[in-house]
Structures are given as structure tokens and as C-alpha cells.
Amino acid sequence: MKICLQKMPPYVELGEGHRSACWLRVQDQLDKAGQEKPVQDQEVSGVSEKNDILVQVDHLKKYFPVKGVHGPGVQAVEDVSLFIRRGETLGLVGESGCGKTTLGRTILQLYTPTSGRIEYGGETIFEGQDPWPAGENGEKQHVKVPKCRQVNMLPYRRKMQIIFQDPSASLDPRMTVGEIIGEALDIHKLCSSKAERTDRIKELLGMVGLNTEHANRYPHEFSGGQQQRVGIARALAVKPEFIVCDEPISALDVSIQSQVVNMLEDMQQELGLTYLFIAHDLSVVRHISNRIGVMYLAPWWSWPRAMSSTRILSTPTPRPCFRRSGARPRGQPPAPAHRAGGRYSLPHAPAQGCRFHTRCPYATDKCKEAVPEFKEHAPGHWAACHLRG
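How each quantity is defined
- Residues numbered from 1 in each chain as written.
- Predicted model: local features only at pLDDT ≥ 70, side-chain atom pairs only at ≥ 80, totals over all residues.
- Heavy atoms only, no water.
- Helix = DSSP H or I, 4+ residues; strand = E, 2+ residues; numbered from the N terminus.
- Buried < 20%, exposed > 50% of the residue type's maximum accessible area, 1.4 Å probe, protein only.
- Contact = heavy atoms within 4.5 Å.
- Areas by Shrake-Rupley, 256 points an atom, 1.4 Å probe, with all protein chains shown as cover.
- Core = buried A, V, L, I, M, F, W, Y, C linked by side-chain atoms within 4.5 Å.
- Salt bridge = Lys/Arg side-chain N within 4 Å of Asp/Glu carboxyl O.

S.K.: Let's hear about the overall build of the protein: which residues, and what values?
M.R.: From N to C terminus, the protein includes 11 helices and 15 strands. The 389 residues of the protein split such that 44% are buried. Across the protein, contacts joining residues at least 24 apart in sequence account for 61% of those joining residues at least 6 apart. Here the protein displays about 20,500 Å² of accessible surface, and carbon together with sulfur accounts for 50% of that area.

S.K.: Can you break down the nonpolar core residue by residue, with the values?
M.R.: Counting 42 residues, the largest nonpolar core has I181, I232, L264 and M267 as its most contacted members. Counting only elements with at least two residues in this core, the list comes to α5 (177-187), α6 (194-207), α7 (224-236), β10 (242-246), α8 (254-271), β11 (274-278), α9 (282-288) and β12 (291-295). Within the second largest apolar cluster, 27 residues are counted, among which are V55, L60, L82 and L92.

S.K.: Provide a residue-level description of the side chain of T89, including the pertinent values.
M.R.: Along the polypeptide, T89 turns up in strand β5 (residues 89-94). By relative accessible area, which is 0% here, T89 ends up buried. In this view, T89 contacts Q268, Y275, F277, I288, S289, N290 and R291; residues no more than four positions away in its chain are not counted.

S.K.: Pulling in residues and values, what's your account of the pattern of salt bridges?
M.R.: All chains considered together, the criterion is met by 12 salt bridges. We note a salt bridge from E127 to R117, for which the minimum N-O separation is 3.0 Å. Placement of the pair is E127 in strand β7 (residues 123-128) and R117 in strand β6 (residues 115-120), with a sequence separation of 10 residues. Its relative accessible area of 25% is what places R117 among the partly exposed residues. Here E127 makes a salt bridge to R149, at a shortest N to O gap of 2.9 Å.

In C-alpha cells, the structure reads:
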């Protein structure tokens, strides 16, 4: 938290004979004393009161052709629809390889979408028809469609940025930190003089907790946490409104993870940023997110209504995903009985019907034949599951 950099925390009593000096524990004490609303009832900080939707995605698809394979190829993103309000954080979780990163990059059009519609700030930046509609037998058949409508993305690059998963791979090893951050300033011509450019780079380094002399160093001279801070500074250089955080803490130590997450939260409050936060750690997603979405093998699968990982773990929609009664200690593997069984569907040849039915112990014949509709089962809680009616 920002206060951690400014003031020494007082000692607080955590238990018998256990005292600690930490602002996080002070905040916990305030929460227990009832001086703040519970998380479920707390107003989302920075979210527009008018429910202003910044990013709107409708029926987005992204396929990667595979040489020698008949059909659409790898179906990385399949019929995903979502919206993100201005100033909020949408958490995105799912198994490795389910399409989370591809979804984030496709929204930014780092990957050209196959079909669907993307709106930013009420303006359509991509729209295209599906060239691979499903036939009567459920198999996808290629058809000719009109050319997709795309806009020039350069003006939107200032508004939409990304923090990459691997900080070392996303930084050019031949450029200094100052050159890396200043490159965006040069492309968008945001500084009128060399002195203004230098001052802006120093300001960005200070915002992410680095020293001004770090501008003359190369990426390999930094630790993983420092490299990720450089990546965050680069994303903030053009003063964006929307940032895709693609697992920004997965490659960092636990202690560094908390620093980066707190820094992202502080910047969101100060700059009014909007995040799509992709991660595997449910505790981190619960901490930073206002809403949470779950993906499985390309489709958008579940949208739990509360900002709580415990609700995801206990929600029976869909049950097999996180089927357990409560949270387990960090690092402890689940019992074999809690693991989803069966075989995995392949992204280039997914199972017909619900893509999870090959692993779901509750699957019915309907699950094997028909794709479940993504619909609202409770206020603010959406899911695609036949078992929920």
C-alpha cells in the first residue's frame, strides 16, 4: 500500500503474545472493528457511478490455423462475451492453455480476431462475421464472409496497454530502461523536448518504485520484480485508460507479488485505471478483482457474482471445476477424489456439446450433445451449464 512507503506502522496485537508492525494487519483490525463495510457490500473504488462501460466484447472468436489439419485449427477463444466498466478490475482465471492470454491479446488486437465485435468507449474497433459456423451435425464448415471491419489501432494504443507475463522476455535486452520507456513517448510524440522526455521517464520510474539512475541500466541488471516494474512503467508511459495484466506476478516471489499487486491497486485509485487481471492464484484475484470470470478451453464458462474466491470454490456452477468444501492450505494439492477425472478435450478438436463433459462426473447425455447457453442463474452470476437448468 502507498502508506507503507510513507509511515512506520504501529504495533498491533494479533493474538496472545503475538504482535506485529504491519499496515496490512492494522487494516485487518479496522475491518474487524467494523469501521469499513464488508468486501461484498463495499463500493468499488474508482468505478463510475453511471456504470460507464469502457470495454464491450460480443461473441469474440480467435482461431489459429494448423497446417495439415482440416477445419478452423486451434480454437483458442470461442464465443466470449464480456464487459468491463470504467475504473473496475475484472479478474480472469482458468486452467493453463484455456485461452486467457489469447483473449487479452485479442481484445487489444495484438492478435487479429477471427470474428465477433469489440467496442472501446462506445466506439466499434472491430467487427466481423464468423467464417466457421457450426453445421447441423455440429461440425464447423468454412463459408465466405465479408471482410472484417477494423479501425486504425494507433490512436487506441495510447488508451489500451498490456503488462506481459514474463518480464525478462518482454524487455529488449539491447535497450536501456530509459530507451524502453521512452520508445512509447517517441512513437506517440508525447514530449516536445528531450528534457521533457527525460523528466517523464524519471517520473515513471519513481511511480513504480525505481530510482532515476536505473534509466541507464539494461534489463539483465535487474531482478524479476524490478523488471516487472519496468514493464509497468512502460505501460503507464502513454497514460492509458485500460490495461490487460497478463499474469503480471506469476513469475515473481511471493513477497514481490504483494508489492506489485499493491502498486497496481494504488495506481488504479490515483489514475483511474481499468484492469483485465489474468491470474491463477485465486487469493490474489479475490483481493484485486471487483468481478471474476472463469474460462475453460476457450469458452467463457462462469461469471460468479461476488468478489470472493470462496464463492467460486463452493459454487455448484459448474460443480466439477472447484469441487471442495473450503479453501486448502497454500501449496497443498487437492485430494484425488476432488480432482476432475476423464480426458481433456483438445483445442483443435474439442468435444461436442459442453467441452467439460469429458471430465465431468455429473455429465448427462444432453451435455454431450448440446452446447450449454451462457445465462444468468442468479443476480450477477452467469454460467454455461446444463445442470443449472
